[in-house]
Amino acid sequence: MIKGIGIDICELDRIEEAMKNNSRFIHRILTEKEREKLDSITSWKRKVEYTAGRFAVKEAYAKANGTGIGKELSFQDIEVVSHPNGKPEILIKGVHNPHVFLSISHSSSFVVAQVVIEVD
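> What should I look at first to understand the packing of aromatic side chains in this one?
For any pair of aromatic rings, the description rests on two quantities: the centre-to-centre distance and the angle between the ring planes. According to the stated counting rule, one finds two aromatic pairs in the structure shown. A centroid spacing of 5.6 Å and a plane angle of 25° characterise the contact between Phe55 and Phe75, whose relative ring orientation is stacked. Within this pair, whereas Phe55 is found in helix 4 (residues 44-65), its partner Phe75 is found in the loop between helix 4 and strand 2 (78-82), the two being separated by 20 residues in sequence. Grouping residues by exposure puts Phe55 and Phe75 together as buried. Taken together, the ring pairs connect Phe25, Phe55 and Phe75 into an aromatic cluster.

This is the structure in structure tokens:
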């Protein structure tokens, strides 16, 4: 049974501006492990895409969960990791839920993420 579906789209230009002009943005949005991965990326364009993708995933998850980002759930509670085969997966702090499905896609201007949460 599906508990929730969430989708988020964001403009790469908006994320790039936040990365350049707000020194706290990266630390607010990305977990420590995600920041380590970001630091290993050499292309500025790819860094923006990576950050925007994580931002969109976290927003989409919060929508699917029905809580939004704020009181019950923070950006730091949601971590996007890559499965060894490259498939993105979500880890939620304090929650074991293997039934979360995720898709991320980029264009030259936008990134979109969709999350489906399934319960038994």
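Alright, that's what it looks like, and here's the rest.
> Hey, could you run me through the environment of Val112 in this one?
Take Val112: it is sitting in strand 5 (residues 110-118). Looking at Val112, the relative accessible area reads 27%, which means it is partly exposed. Remark: the alpha-carbon pair of Val112 and Gly53, spanning 59 residues in sequence, is separated by 7.1 Å. Residues contacting Val112, with those up to four places away along its chain left out, are Ile7, Asp8, Ile9, Ser103, Ile104 and Ser105.

> Where do I start with the sheet that holds strand 1 (residues 2-11) in this structure?
Paired through their backbone hydrogen bonds, the strands of a sheet run either parallel or antiparallel. The antiparallel open sheet is built from three strands, whose spatial order is 1-5-4. In the strand order of this sheet, the two ends are held by strand 1 and strand 4 (100-106), each with one partner. The average undirected angle you get between the axes of adjacent strands in this sheet is 10°. Where strand 1 and strand 5 come together, nine bridges link them in antiparallel fashion. Counterpart to Asp8 in the pairing with strand 5 is Ala113.

Criteria and cut-off values
- Residues numbered from 1 in each chain as written.
- Predicted model: local features only at pLDDT ≥ 70, side-chain atom pairs only at ≥ 80, totals over all residues.
- Heavy atoms only, no water.
- Phe/Tyr/Trp six-rings, centres within 6.5 Å; stacked < 30°, edge-to-face > 60°.
- Helix = DSSP H or I, 4+ residues; strand = E, 2+ residues; numbered from the N terminus.
- Buried < 20%, exposed > 50% of the residue type's maximum accessible area, 1.4 Å probe, protein only.
- Contact = heavy atoms within 4.5 Å.
- Pairing = 2+ DSSP bridges.
- Axes fitted to C-alpha atoms, helices over the stretch in contact; angles between N-to-C directions.

Remember that the coordinates give geometry; whether it matters functionally is a separate question.
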